[in-house]
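Coordinate analysis (summary)
Spelled out, the chains give:
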Amino acid sequence: MVTSLAVGYAMAGALDIPAMIGMMIGGMMGLMSAFAVAENTWQRLTRAILWMPFPYAAVLWLAAELHDDRRLEIGLMVGALALTFFLARFGQMYLLTGMMLFNGLMVGMMANIPAGMSGKALLVALVSAAAVLGTRLLLCYPMPREDLLRTQRAFVVEARRVADAAVEALDPDADQERAVRRMTRALRRLNVTTVTIDGRLAQPEVAADPDMAELLHRHLFDAELALRGIGRAVQDLTGLAVDPHLREALVVGLVVARDTPLGSAQGLRPAAEIIRRQADAALNGPDAASRRAEAVEPAYRVAQLLDSLAGSLSHWLALGWSSPQSPAKVPFQPTVALERDRPAGSAAATRRVLAAGTETSWRRVIPFLRAPLHAGVAAAIVCPITDAIDPQRFYWGLVGVMITLFGTNTTHERLRKFGHRMTGTVIGAVIGIALLHLVGHGHVYVMLTIIVAGITLGAWGMQRAYALWVVGLVVALVQLYGLTTPDAGMDHLLGERLLDNGLGILIATLCAAVIFPLSGRRITREAERGYVSAVDDLVSQLTLRWEDPDAPVRLRGAARALDSALFQVVSLVRPLVRMPLGVRGRDADNRTALLTTATGHARALAAAADIDIDLAPRQAERFTRITTVLTGSLRALDHALATGEPEESWQRVSPLVRELKAELDTAPSGPRAERIRTALRELAALDDSLAGYAERCGLTVRSASPQGIVSSPMERRTQALVAEWGTRRAPRNAAASERSATVTATAGPGTGTASPERVLPVRPPTSATPSGGVAVTVAGSIRCDRHPAGCAGWITVINGRGKRVAAGSVQSGRYRVDGLRPGPHTLIVSASAHAPHAELLSVPSAGGTGRIDHDMWL
């Protein structure tokens, strides 16, 4: 911008044309070069920048020729805007051409440039474009290796932000809620930065070394995974009583991680060893209290993850420093797609929905004509209205149409942009007028400095919030308006701009909503289908990885694609206005939370499962059965999302995975065995999260049938229970004959066989339900030989039709579930330390409300 404005000013003096015209023409070259030209070789950069003056100067002449015909002039502006959206479908150069045509018409109408000045205008544009090209080649020459090093520094910055938030969270005097929120924001920014870096490792002209490219992605993935694990472990520690010496060791280790120079990532290992030794002392010390001992496990986890981070980060940085100097050999390979250098949002899902509905007959032209029709019709409506408000500035309404339809795909996104535009305009007007009064009208260079600074800060803020860009832009424009508008008229001028922009945005939003509309719900479902497809791809690659170790599988790449798919879902389900808790519409948040949890487990699964294994034939058969059932469930979920009719069910494989893990737990310990167990644990957790999501999508969730698999003892006990379903025997004594509940236990304490039937008395009812039936409370304890103090877990109750009717948590071995109706039920206990356990419970049909005391052994 500095170069283009200075050259435009100098060329205006040399060619004897008004300085304002020279700066407007030159400034447009700088502005469009900055925002619309993002090439990564000097040849492409030269082609794009030196092409801009020709369509721009051509329409300047056309605007001058048509200046006396108002209707034709407005009609030409409408057509140019529609043409810009049409050309956008054919590539970057076509889009740049359309934008220069529209901008040239707008500047020609604003500045009223005479036709005889068109040749000089072309010369100013050419010289300004050449100067901008020279500046970019001098200061920002495309250097892929340096770009890689910059992305590595950006990752380290975010890593230090996570470490700093962790240090604050461990401060006993800090506000713990605020510290946890800061940690959450830091982890979110880390993930956004990592996905962006992964996408930027995708320069299209580079002939890459595939081995080094894969190592870059692998170590980046593992470094982020370690940092996320450290963040979660520290969040766990905030709710525990931590030994003071252990807390000090953790803080020292995280400070070392935060302040370690780029070239000394291996220095994290001594910090991890300090934490590990102090954790040993806290665990084995004579005064180790039980609550403080609970903090030792997260501390060990932090130490282990610091070791992992040291290895991944040092290898990743070393690969960047040792990458070839030649641009043709820098190992960049695509993993995820970016939109405007950010993680992809709603555009991909919108394109898929649009393509799916326009594959036959005349509807094939809709993808090409839909956006131009939106722009053309909206502009045709807006122009007469804004022309009636102020004929000299009617184009402000067209600007509102253009900025609304560029980069948005749903009504929510357009309305959100409307809010940002209005807010940014008001704030920018206040700041701009204050600066104008402070500087005055006679200090041109100070005003130029404010203009450049405003646009620069706005461009920086655009990546964070659109309103920040609008603030910077309006601050810059106010300085320009101040050259021709008296102070008394500035408020009216800016109010008119706000009105015209708002009209353009709202009318464009309305046109997009009624001309070949796309349902926001349908686009969201398509994004969710993309997520399910990414999970399906991850499971397929996992199966191939374990069946054929030599197969070209990229598990971490598949998990990163899942990250990208999650971004697309999140960008679509964000509400326009965040409502308080307890109102309708929170289901989208819950579904997104389940997908976020599933993504975390998928990352850990991809990292742990990327090893060569040799399962026994029976275990390999069980694993194949697990992945086959999981893939079938994903296809059923995809069908439900596509049609809106959940015809099939989600078959839970987590019980089968846990049984396979329990079988493998008997194998000798070692790093590979531990990674296999971790992979199976994360696979089971992934299935649990997706089952919850499938249930919210309307699917019935059932446990997978172990067809083709030799039954385990637990499976045989479950089959025996099913065979005995509905059997009710007489109570053992007369005292219990009045209102009894018959419970058939699957196993007694410490045994593998069925225990005798237990008869539990129901306490006298206290009140009747409105329906006249029974509402029974079941309460009791969960016990096992390994945990005398009581197990922790969850209770789920399903009725005879397989529908979940109640659920509750198990705290210190105690549980309680309310509201059970008469009939047979199944109580299922899920605990992290045990396989799922089920018992039958028959609730009697006595009138009123009662209670059953029911203890279970695992």
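Preceding this section is the structure that the text describes.
To keep things clear, this report deals only with the structure shown in the data block. (Residues numbered from 1 in each chain as written. Predicted model: local features only at pLDDT ≥ 70, side-chain atom pairs only at ≥ 80, totals over all residues. Heavy atoms only, no water.)

Some details on the overall build of the protein chain
Broken down by element type, the protein chain carries 28 helices and 14 strands. Counting across all 858 residues of the protein chain, residues that qualify as buried make up 50%. Taking the contacts inside the protein chain whose residues are at least 6 apart along the sequence as the reference set, 77% of them involve residues at least 24 apart. As displayed, the protein chain has an accessible area near 39100 Å², and 59% of this comes from carbon and sulfur atoms. (Helix = DSSP H or I, 4+ residues; strand = E, 2+ residues; numbered from the N terminus. Buried < 20%, exposed > 50% of the residue type's maximum accessible area, 1.4 Å probe, protein only. Contact = heavy atoms within 4.5 Å. Areas by Shrake-Rupley, 256 points an atom, 1.4 Å probe, with all protein chains shown as cover.)

Details of a nonpolar patch on the surface
Taken together, the side chains of Phe90, Tyr94, Trp362, Val365, Phe368, Leu369, Leu373, Val377, Ile381, Ile385, Ile389 and Leu499 present a nonpolar region at the surface, about 1000 Å² in accessible area. The biggest single contributor to the nonpolar patch is helix 16 (residues 366-389), with 7 residues. Looking at the secondary structure, you find Leu369 in helix 16. (Patch = residues over 30% accessible without salt bridge, like charges linked within 9 Å, V, L, I, M, F, W, Y side chains within 5 Å. Salt bridge = Lys/Arg side-chain N within 4 Å of Asp/Glu carboxyl O.)

Some words on helix 27 (residues 671-696)
An ideal rise of 1.5 Å per residue puts 38 Å on 26 residues; helix 27 measures up with 38 Å between its terminal C-alpha atoms. Gly698 lies just past helix 27 and shows a positive phi near 100 degrees. (Expected span 1.5 Å × (residues − 1).)

Focus: the packing of helix 17 (residues 395-405) against helix 18 (residues 411-439)
Orientation of helix 17 relative to helix 18, taken along the N-to-C sense of each, is 130 degrees, at an axis distance of 9 Å. On the basis of the axis angle, helix 17 is oblique to helix 18. Of the two possible hands of crossing, helix 17 and helix 18 adopt the one that is right-handed. Where helix 17 approaches helix 18, its residues Val399, Ile403, Thr404 and Leu405 are matched on the opposing element by Arg414, Lys417 and Arg421. (Axes fitted to C-alpha atoms, helices over the stretch in contact; angles between N-to-C directions. Parallel < 35°, antiparallel > 145°, perpendicular 65-115°, else oblique. Left-handed = near helix turned anticlockwise from the far one by under 90°.)

Considerations on the packing of helix 6 (residues 92-111) against helix 17
Viewed as axis vectors pointing N to C, helix 6 and helix 17 meet at an angle of 160 degrees, and their least axial separation amounts to 11 Å. With respect to helix 17, the axis of helix 6 lies roughly antiparallel. Considering the relative orientation of helix 6 and helix 17, their crossing is left-handed. Packed against helix 6, whose contacting residues are Phe102, Met106 and Met110, the element helix 17 presents Tyr395, Leu398, Val399 and Met402 at the interface.

The values reported here are purely geometric and, on their own, carry no functional implication.
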